[in-house]
Structure formats: structure tokens, C-alpha cells
Number of protein chains: 2
Amino acid sequence: MNILLVYAHPEPKSLNGALRDFTVERLEAAGHAVQVSDLYAMSWKATLDAQDSRERRGDAPFHPSLDSKHAFENGVQAADIAREQERLVWADTLILQFPLWWFSMPAILKGWVERVFAYGFAYGVGEHSDVRWGDRYGEGTLAGKRAMLVVTMGGWASHYGPRGVNGPIDDILFPIHHGVLYYPGYDVLPPFLVYRTGRMDDARYAQTLDALGKRLDALAHTAPIAFRKQNGGAYEIPALTLREDVAPERTGFAAHVA
Amino acid sequence: MNILLVYAHPEPKSLNGALRDFTVERLEAAGHAVQVSDLYAMSWKATLDAQDSRERRGDAPFHPSLDSKHAFENGVQAADIAREQERLVWADTLILQFPLWWFSMPAILKGWVERVFAYGFAYGVGEHSDVRWGDRYGEGTLAGKRAMLVVTMGGWASHYGPRGVNGPIDDILFPIHHGVLYYPGYDVLPPFLVYRTGRMDDARYAQTLDALGKRLDALAHTAPIAFRKQNGGAYEIPALTLREDVAPERTGFAAHVA
């Protein structure tokens, strides 16, 4: 299949650089077509602004979503944005690989999401009615494709456990898994996580590559996280709250996983 | 008191621009000294990289935290980083104002955090021992100061409620409240939230300003979110998990609020 790896680390001679190279080799050896968006190497423009459209929509003040809509609909998006969208459409599977900085993705990758996930492409898709609230959360332009995070962290696994001081890693990643990837339609696979990167000896590095290799080999048939489709009957519309009879005792992020 | 407003919206003629102007006027009228870091107007460099140090630490590959440490310790940080750190030290209260984009802060603000919250300044502070794990989560350089988010959202309040499809807003903001602000020592006040910004009529705009004004008037005596101090006895060290006798039935982000 076609796989896009979006990679966000500033130094090729790093653990992340080594994991990226391993990933590309493993996937190509298995017969997949791979493209890499190496955001630092591309000097990716991280900041969403009025320059993201080659032609403004008149004299109105810049409006992030209305200008994005205008640029996408009229084919006047900045060239770097359009090229990344083409790669997303081409790819059957998307991998985002990054170090966790301040409990989220690096700014350069956040800016890739903000600029590439345009209005009409990744949000603002579909109709609103009494039974639908746009094509999102399980529906949308990228439905039928798969996505997976590869995330490195300096902290220990216990720091990110159910009662760890940083909060559970599943909850830290929920805004990305559910809010960034499931939103425009992706089936989201469980993440591949590497803890305590500052103390990586040869044995653990070998174990890490072995485990990552197995996850890459299994991309096509790993069960995705069972997020609930927004328009599938589980949610009231337009309040977009879970119906009373759906997991009635549950609240929070975990309530959105069946 | 001294107040720093870090503001991240690309268009002055916007709801965010109006809220920023209102905030500055209200605070100055109350006798506070106010500085504004208007990241878009400053053309803030969002991407953390090797250029953030004016002098590299030898020929080693770039390492985000080790190079940050070297630059901070040796006074060779990029000038824009050092200036923002001076503002943070000057300010008794920090306000971060931004639109919620893809369930987090805009990339330009994330990049402000990554570059300004340097090793030795906001992380990598203090000693590690059997009873302490650095000066963080309630201790650190910025302890004794207060911080508050002002966040605008297109979605409805119900979409961000306990069973809303986006997840509860308190959980979405936890990585910022706890992971970015409480981590280097801030007391974090409850956020000021504005929903459904696409449908803001005059009456609701007036209500919004009134409510924001009251929050600004009360900055000095609003009770902060009761996060638990990492080194205060609630956590095992070094596992950094809540002790068995602390909120034994609870897991997840909410377990870290007393």
C-alpha cells in the first residue's frame, strides 16, 4: 500500500532519525510505496497566516477558516499545502512520528496540521441537519484510511500510567487521535510509544526496533481504536452529547471509545 | 501587579483582537503594568532548532534539551528567547490568549512554549533524589506566580461537556494547565472560555466582556486549580504515581486535582 510518514525532529543523528530510517526501510522491504514529509528538512512553515492563500478573498480581515475555505475551493492554496494534501489523498496509511514536547506534538507538526487540514478538506466537510453534523469523527475526506502515531518521550512509562503524574498517555494523545485524526475520517491504530529515551542502551534499542517492526508489519490488519462515529446514532444532534443509553455511567475521553 | 499577556491570533480585527484590547485596557485602568507578546505581530519564530543558540556546544549533533541547557547556562540563547524569559520573570501573572485550533494552542504559541521554556529555566530545574524529582509540578522558576488561559472556540459548550463529542474542555486543556503551566511552578486559575464564536451577537458579546472583566478584576484572589504538588508527598518517587492512599479510586487527569 501507499504510506506517508510525516516526521518532525530537527536532528537526523538522533533516536528519532534512526527510527525513521528503520521505518522507511522496513516498509519498502515489505513492498509498500513510502513518501516522507520531513518537516524540519523541508523548512516547513509552521505558522498559519494570510500568506497561505495565493489570492485573498477581497478586503475582509483575515479569517483563519473562511480564508482557508476560499483558498481550498478556488485552488489558490499555497503550493506546500496543496502538495501535502495530495500526499494524504495518495496514502492509504499515515504515520506521524515525533517526540512529545510539552505533552503534545512539536510546533512544526502542529503547524502542518493547521495549514494542511484545510476547511473543505479536513473540516467544514458535509452537511448539517437534524441527523448529521458534517462529515467528521469517523467520516470525511480521509475515511477508509489508517493512521498511527510513533511517539518518543523522555519520561518513564509509570509517569504516563493511569495514576502517573503526567496523566495517562492515552488521554494525552486523545486530542490528536480523536480530534486530529479520527475527525477527518482516519481509522486510528494504537500508538507506538518509546519511553525514557535519555537512557536507551543497545538491548532496549534492539527491543524497540523489533517491536516497531512488528507494528509496521501489521499496519493493514491491526484493529483500530473503537471510537464512536458522530453520525452513527450514539450522539444527540446538535448537542453532540452521548445519548443517555450509551455508556450511561461514563464521562470524559474514554466514553468515546466503544 | 505586573501582567504579561501572550497573544496568538493572526488578525487584529477579530473577536480575539477585541478581547485582547479589552483585556489590556481593563488591566491598565485597574493600575496594573501590562506587557503584551503579540506573537503574530512579532513574527515569532515557531520552530525550535539549532539557531536558538548563538553558540553551539561543539560538534555534537543538535539535541533539543542539551543544546537548550547549554544556551541557557552560558547566556547564549537567541535574543527573542531571553527577552520572553525576562518578561516571564517580571510578570506576577501570565495570561495566554488563543483560539483553540485542533484541540490545542496554535503552532505559533506552542513554539513560544518550546523555545522560551528552556532547560534550566522551565524544565531540568532542581535535584533528583529519593524524595524529590526536580523542581516541577508546583515548584520551579515561576512558583509564586499565577497563570490563566483565555480560549475561544467555534464549537458549542455541550460539544465540550462531560459527554460531549470533543471531550470535556477541562481534559483538553489539562496538558496546558498542568503540563505547561503548573510544571514550571505557576498557580493555574480556571480558564476563561468563549464558545460558539461564529455566532456572536451584540448581546452575547456584551455578556462576554462583562464576564471577562470580572475575571480580570479578580486575578489576584481567584482560587487556583488544586493540582497536587509532585514533591509534596502525594506521589511515589521515582515512579511518580499517586500513593495508594491518595484518591485510591481515581485515575486519569482528574486524579491530580485535590
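Use the structure listed above.
Source: prediction; values computed, not measured. (Residues numbered from 1 in each chain as written. Chains lettered and ligands numbered in written order. Predicted model: local features only at pLDDT ≥ 70, side-chain atom pairs only at ≥ 80, totals over all residues. Heavy atoms only, no water.)

1. Looking at the overall build of chain A
At step 1: The helix and strand inventory of chain A stands at 7 helices and 6 strands.
At step 2: When the helices and strands of chain A are read in sequence order from the N terminus, they spell out β-α-β-α-α-β-α-β-α-β-β-α-α.
At step 3: Buried residues in chain A amount to 57% of all 258 residues.
At step 4: For chain A, the share of sequence-separated contacts (at least 6 apart) that also reach a separation of at least 24 residues comes to 73%.
At step 5: Surface summary for chain A: the accessible area is close to 10200 Å², and the carbon and sulfur share equals 50%.
At step 6: The distance from the centre of the 26 positive side-chain charges to the centre of the 31 negative ones in chain A is 3 Å. (Helix = DSSP H or I, 4+ residues; strand = E, 2+ residues; numbered from the N terminus. Buried < 20%, exposed > 50% of the residue type's maximum accessible area, 1.4 Å probe, protein only. Contact = heavy atoms within 4.5 Å. Areas by Shrake-Rupley, 256 points an atom, 1.4 Å probe, with all protein chains shown as cover. Lys, Arg positive; Asp, Glu negative; His and termini not counted. Charge placed at Lys NZ, Arg CZ, Asp CG, Glu CD.)

2. Remarks on the relation of the copies chain B and chain A
At step 1: The two copies are related by a screw motion: chain B maps onto chain A through a turn of 180° and a shift of 0.0 Å along the axis, at an RMSD of 0.0 Å. Taken together, the rotation and translation relating the two chain copies correspond to the operation of a two-fold axis. Identified as the residue of chain B closest to the rotation axis by C-alpha distance is B:Ala107, at 2.4 Å. (Least-squares fit on C-alpha atoms with pLDDT ≥ 70 in both.)

3. What about the interface of chain B and chain A?
At step 1: Taken together, the 65 residues of chain B in the interface contact 65 residues of chain A.
At step 2: Taken over both partners, the interface formed by chain B and chain A buries close to 5000 Å², and the fraction arising from carbon and sulfur atoms is 66%.
At step 3: On the chain B side of the contact with chain A, B:Trp102, B:Arg163 and B:Val165 bury the most area, a combined 21% of that side's loss.
At step 4: The tally of links between chain B and chain A comes to 0 salt bridges.
At step 5: Counting across the chain B and chain A interface gives 32 residue pairs in polar contact (both at pLDDT 80 or more).
At step 6: Counting residues per element, the ones that place at least two in the side of chain B that touches chain A are α4 (107-116) and α5 (169-182) of chain B.
At step 7: For the side of chain B that touches chain A, the element with the most residues is α5(B), which contributes 7 residues.
At step 8: In the side of chain B that touches chain A, the residues fall into 38 nonpolar, 16 polar and 11 charged. (Buried area = accessible area lost by both parts, 1.4 Å probe. Salt bridge = Lys/Arg side-chain N within 4 Å of Asp/Glu carboxyl O. Polar contact = N/O pair within 3.5 Å; in protein donor to acceptor, adjacent residues only side chain to side chain. Nonpolar A, V, L, I, M, F, W, Y, C, P; charged D, E, K, R; others polar.)

4. What to know about the environment of B:Ala122
At step 1: Its location among the elements puts B:Ala122 in the loop between α4 and β4 (146-152).
At step 2: C-alpha of B:Ala122 to C-alpha of B:Thr141: the two residues are 19 residues apart in sequence and 6.4 Å apart in space.
At step 3: In this view, B:Ala122 contacts A:Trp102, B:Phe117, B:Tyr183 and B:Pro184; residues no more than four positions away in its chain are not counted.

5. Regarding unusual backbone geometry
All names here are of chain A.
At step 1: Here the amide bond leading from isoleucine 237 into proline 238 is cis, since omega sits at 10°, within 30 degrees of zero.
At step 2: With respect to the helices and strands, proline 238 occurs in the segment after α7 (230-234).
At step 3: A positive phi angle, near 60°, is found at leucine 240, a position not held by glycine.
At step 4: Relative to the helices and strands, leucine 240 resides in the segment after α7.
At step 5: Judged by its relative accessible area of 0%, leucine 240 falls in the buried class.

6. Digging into the packing of helix α3 (residues 79-90) of chain B against α4(B)
When two helices pack together, their arrangement is captured by the angle between the axes and the distance separating the axes.
Residue and element names in this part refer to chain B.
At step 1: Where α3 meets α4, the closest approach of the two axes is 9 Å, and the angle between their N-to-C directions is 90°. The orientation of α3 with respect to α4, classified from their angle, is roughly perpendicular. Contact with α3, carried on its side by Asp80, Ile81, Glu84, Gln85 and Leu88, involves Trp112, Arg115 and Val116 of α4 and no other residues of that element.
At step 2: Grouping the amino acids of the contact of α3 with α4 by side-chain chemistry returns 4 nonpolar, 1 polar and 3 charged. (Axes fitted to C-alpha atoms, helices over the stretch in contact; angles between N-to-C directions. Parallel < 35°, antiparallel > 145°, perpendicular 65-115°, else oblique.)

7. Observations concerning the side chain of A:Ser68
Residue and element names in this part refer to chain A.
At step 1: Following the sequence through the fold, serine 68 ends up in helix α2 (residues 64-73).
At step 2: For serine 68, a relative accessible area of 17% puts it in the buried group.
At step 3: A polar contact is formed between the side chain of serine 68 and the backbone nitrogen of tyrosine 119, at a distance of 2.9 Å.
At step 4: In this structure, serine 68 is in contact with His63, Ala118, Tyr119 and Tyr123, ignoring residues within four places of it in sequence.

8. Some points on empty space enclosed by the protein
At step 1: The final tally for this structure, using the stated rule, is 3 cavities of 30 Å³ or more.
At step 2: In this structure, the largest cavity is lined by 19 residues; those nearest its centre are A:Phe103, A:Ser104, B:Phe103, B:Ser104 and B:Pro175.
At step 3: Secondary-structure elements contributing two or more residues to the lining of the largest cavity are α5 (169-182) of chain A together with α4 and α5 of chain B.
At step 4: For the lining of the largest cavity, the class distribution of residues is 15 nonpolar, 2 polar and 2 charged.
At step 5: Of the volumes computed, that of the second largest cavity is approximately 130 Å³.
At step 6: If you go around the second largest cavity, you meet 14 residues; those closest to its centre are B:Asp52, B:Pro64, B:Asp67, B:Ser68 and B:Ile81.
At step 7: For the lining of the second largest cavity, the elements supplying multiple residues, two or more each, are α2 (64-73) and α4 of chain B.
At step 8: At 4 residues, the largest contribution of residues to the lining of the second largest cavity is made by α2(B).
At step 9: Its residues assigned to classes, the lining of the second largest cavity comprises 6 nonpolar, 3 polar and 5 charged. (1 Å grid on protein atoms, 1.4 Å probe; cavity = no way out; pocket = protein on both sides within 12 Å on 5 of 7 lines; lining within 4 Å. Points joined across faces, edges and corners; volume = space filled by probe spheres on them.)

Shape descriptors only; they carry no functional weight alone.
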